[in-house]
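Structural overview for review
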Amino acid sequence: MKLPKKLMLLGSGELGKEFTIAAQRLGNHVVAVDRYPHAPAMQVADECEVISMLSADDLERVVSKHQPDYIIPEIEAIRTEKLLEFEQRGITVIPTAKATDYTMNRDRIRELAHKELGVRTAKYAYATTLSELQSAASEIGFPNVVKPVMSSSGKGQSVVASAVEVETAWNYAIDGSRGDTHKVIIEEFIDFEIEITLLTIKQWNAPTIFCPPIGHRQERGDYQESWQPAQIKPVGGASRNENRLLAAQAIATQVTDALGGAGIFGVEFFITADEVIFSELSPRPHDTGMVTLISQNLNEFELHLRAVLGLPIPNIIQYAPSASAVILASKNSDLIYFSGVADALSVPDVDLRLFGKPDSRPYRRMGVALAKAETTELARAKAVEAASKIEVVDR
Ligand SMILES: Nc1ncnc2c1ncn2[C@@H]1O[C@H](COP(=O)(O)OP(=O)(O)OP(=O)(O)O)[C@@H](O)[C@H]1O
Ligand SMILES: NCC(=O)N[C@@H]1O[C@H](COP(=O)([O-])[O-])[C@@H](O)[C@H]1O
Ligand SMILES: [Mg+2]
């Protein structure tokens, strides 16, 4: 295999920016694509294109123009049927066009995991009308969680405590749905001990390997903090703890094998006292995996790149307990400044990534604080404190 390769990144946010840096460090050529100009990855890529990634015509135009060796999706919202076509034409889609198609909608990956592979998931049902949702809710019970089948980062998602709240949840899900699908999934609420992302690296010609598990905390369905390693509380002794991690690894291997190809996957699990419950997965680097920007010898973006290009991954070493905490905007603005940077960086083993997004909206993720410490608790406290010092301000 000869480098450089031409990589087309579909989606150019913060995850794509770090992937682009990793790709360029090994001499590759990156074309960054997104729906708006000056997206984070575009700031560091060789070339960029602004298109609608849901438009087959737009995708055709940029792929014909640049003739990439690899198409690397960075977000879910892509016209995935077109990716299947590109794959048939001989372009490698990462991890596979099928994987991007199955994970674009929550129902397809759920059916694969639960029905085809027999993996334990939360009890669930689908609804396409309010009355279907009402009867599904009484079947599943309360509390439950309602989400559009097409959405990410918690958009349109709510926890429903009782029957009177079902209508509000329906309207919220429909408003938060991507595209014009009026289909929602309703899930049993899992009262988990911890939720984890298991970064799973599927390789072309080598066995699947894993990063130490990442614990995370979500609000409004969006990640706020992540830490590594996740302490899966040793219920019933240390061996039990180990067993739950092995169980998660076995499920991650099973699901990623069914999707095929190569690359990193962020496989999400709910861990309860006696169960490992599969939630969903990203067939690409995961937002909670940004902690690996400080924690590991090879971060999740470098691992993705090596897996994609079939380069060796001799070892994955975690340097120390580590954490990440998000830096969110509070309002709409297109003049972004950050205050408190010097203060945040005055603490040893703290670092920042400020993504350079050209505008903000309430709760938009604008950066992340990273920290290493002697324990995950200390690392979390340091990351949260550093993030709290940064304020997203406009002029
Ligand atoms: N059935 C459930 N029981 C308990 N909590 C849940 C359930 N489903 C989702 N959640 C909570 O909401 C979060 C977001 O849900 P999920 O991962 O399904 O959505 P998402 O919008 O795809 O998020 P992302 O794209 O950021 O991964 C979960 O990480 C978890 O904290
Ligand atoms: N949970 C998925 C995730 O974190 N995706 C990351 O967020 C970007 C979109 O951010 P934006 O909505 O602020 O443009 C995506 O491009 C990706 O980097
Ligand atoms: Mg998720």
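Because the structure is predicted, anything quoted here is derived from the model rather than measured. (Residues numbered from 1 in each chain as written. Chains lettered and ligands numbered in written order. Predicted model: local features only at pLDDT ≥ 70, side-chain atom pairs only at ≥ 80, totals over all residues. Heavy atoms only, no water.)

We now examine the sheet that holds strand β7 (residues 144-148). Strand order across the open sheet formed by 4 strands is β6-β9-β7-β8, with antiparallel pairing between neighbours. Both outer strands of the open sheet, β6 (124-127) and β8 (158-160), are each paired with one neighbouring strand and no more. Neighbouring strand axes in the sheet, compared pairwise and without regard to direction, differ in orientation by 25° on average. In this structure, β7 lies alongside strand β9 (residues 184-188), joined through 5 bridges in antiparallel fashion. Across the sheet, K147 pairs through a bridge with I185, a residue of β9. Strands β6, β7 and β9 of the sheet are contacted by helix α5 (residues 106-116), whose axis makes an angle of about 145° with β6. (Pairing = 2+ DSSP bridges. Helix = DSSP H or I, 4+ residues; strand = E, 2+ residues; numbered from the N terminus. Axes fitted to C-alpha atoms, helices over the stretch in contact; angles between N-to-C directions. Contact = heavy atoms within 4.5 Å.)

Under the present numbering, the feature "binding site: Mg(2+)" (unreviewed entry) in UniProt falls on E268 and E280. Mapped onto the elements of the fold, E268 is located in strand β14 (residues 263-271). In this structure E268 comes out as buried when scored by relative accessible area, which is 11%. Of note, E280 is situated in strand β15 (residues 276-282). In this structure, E280 is in contact with R106, G266, V267 and E268, ignoring residues within four places of it in sequence. A polar contact is formed between the side chain of E280 and the side chain of R106, at a distance of 3.4 Å. (UniProt positions renumbered as here; feature names shortened; annotations may be inferred. Buried < 20%, exposed > 50% of the residue type's maximum accessible area, 1.4 Å probe, protein only. Polar contact = N/O pair within 3.5 Å; in protein donor to acceptor, adjacent residues only side chain to side chain.)

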